[in-house]
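What the coordinates show
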Amino acid sequence: MVPHLITALTGAINELEQRILESLPAIERWFRLEWMEHTPPFYTSVDLRNAGFKLAPVDTNLYPGGFNNLTMEMLPLAVQAAMAAIEKICPEAKNLLLIPERHTRNSFYLMNVQRLMQIFHQAGMNVRLGTLDETVKEPTKLALPDGGEVVLEPLVRTKARIGLKDFDPCTVLINNDLSAGIPPVLDGLREQYVLPPLHAGWAVRRKSNHFQAYDAVVKKFAKLLGIDPWLINPMFSRCDTVNFSDGSGVECMVSNAETLLGKIRRKYKEYGIQDQPFVIVKADAGTYGMGIMTVRDPNDLAELNRKARNKMSIIKDGQEVSEVMLQEGVPTYERVNDAVAEPVVYMIDRYVVGGFYRVHAERGVDENLNAPGSSFVPLAFAEPSQLPRPGVKPGVSAPNRFYMYGVIARLAMLAATYELEATDPNSETYQ
């Protein structure tokens, strides 16, 4: 069910929900035409924030690691979408090599790996796990919390192909965000399909590029619906020469935060919003909720203490932060059991396959919830149907609310498509 919303049921978000439901045929046709021109990422997850007065994506992950948090009822959707994706890429495929994160001892992440293997097995593939961990020299069994196990195997590289001993895959599916760079063992695989492409990893990708692409997508979509793009779009800026250790580049962050807060205040005044605006400063590359802070006063950035600087300076795999994105803070007024929550939507190919709420009892409405202590509550429906229900009053139908979440998440996925096309090293338009 949809968690309790503090915001009034007649608020702006319900007007947006109603507009989206009324425009359903036009929206689906618009997406259909976009997918005729563009190829969606293989799989995607999108973090959304519902402020009551706006609904916007705040992060888009092209190597999603939480498939285990989807309900079993949603598994058939994922299998169908996986079938469609594989048929499009390699119809004759029978073997799929899945390459997970190096830190595969994390039991929750291992459950995600198991679920991915289950999805692609049911989609008609032989699935095995190959690890980038060079210390793994032979097949290694890892126990799962549910009593099951997965087997990690060392990779075998031969010229332009990669596989395992006695296992030659047509398709290589990466579930490692490549924060530490592109491993040489994955470079130059010209005879196999590598999904997602290597330039989707954080070695190349930047969040600011993504939200620039999202800005372009939203302008077209908002025109279709006749709405203010700001209602579904967080404003942002970036600084690309920041050093948290010695304090250089702080002036850029302070100046950009000041400008961004001014723009947010004007929008709040326009819509009669009483909330205090804030900005989220985050590493322009990387994930796992690392390198993120909330800023209400730009001067706070100039006066960061050593602990705050250390927290911001290093992200996953020990990568130093030198580029940051400043993003309009979107508060979340959704609750699960009185704890702050945000919806996360999962997609395979161009299809929404499920979602869940990320919940954090110790975080506020203006803070990052992707942090230690968070938990996950599947999007469960009291109603038997997950299809939108036209005519139902906005704010009271879980399927209708989830459809709205799915539309905004698909806009972010389409933006990721634009982003990957613009940064594809094999593209003629690549700069």
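Quick caveat, the model's predicted, so the values are computed rather than measured.

1. A short note on the nonpolar core
Membership of the largest hydrophobic core comes to 44 residues, with the highest contact counts inside it found for I20, Y214, I232 and L411. Contributing elements (two or more residues each) for this core: α1 (12-22), α2 (24-37), β1 (43-50), α5 (207-225), β16 (339-348), β17 (351-360) and α9 (398-422). The element that contributes the greatest number of residues to this core is α9, accounting for 13 residues. Once residues lying within four places of it in the same chain are set aside, the contact partners of I20 are I27, L225, Y403, M404, V407 and I408.

2. A closer look at helix α3 (residues 75-89)
Compared with the 21 Å implied by 1.5 Å per residue over 15 residues, the 21 Å span of α3 between its first and last C-alpha is a close match. For α3, every residue scored as buried is listed here: L75, A78, V79, A81, A82, A85 and I86. Along the axis of α3, the buried residues cluster in a sector spanning 165 degrees; they form a single face. In α3, those exposed residues whose orientation departs by more than 90 degrees from the buried face are P76, Q80 and E87.

3. Considerations on the layout of surface pockets
Within this model, the second largest pocket holds a volume of roughly 780 Å³. Around the second largest pocket sit 28 residues that line it, and V194, P196, P197, H199 and D424 are the ones nearest its centre. Elements that contribute at least two residues to the lining of the second largest pocket include exactly α3, β10 (193-195) and α9. Among the residues forming the lining of the second largest pocket, the class breakdown is 16 nonpolar, six polar and six charged.

What counts, and at which threshold
Residues numbered from 1 in each chain as written. Predicted model: local features only at pLDDT ≥ 70, side-chain atom pairs only at ≥ 80, totals over all residues. Heavy atoms only, no water. Core = buried A, V, L, I, M, F, W, Y, C linked by side-chain atoms within 4.5 Å. Buried < 20%, exposed > 50% of the residue type's maximum accessible area, 1.4 Å probe, protein only. Helix = DSSP H or I, 4+ residues; strand = E, 2+ residues; numbered from the N terminus. Contact = heavy atoms within 4.5 Å. Expected span 1.5 Å × (residues − 1). Arc of directions from axis to C-beta. 1 Å grid on protein atoms, 1.4 Å probe; cavity = no way out; pocket = protein on both sides within 12 Å on 5 of 7 lines; lining within 4 Å. Points joined across faces, edges and corners; volume = space filled by probe spheres on them. Nonpolar A, V, L, I, M, F, W, Y, C, P; charged D, E, K, R; others polar.

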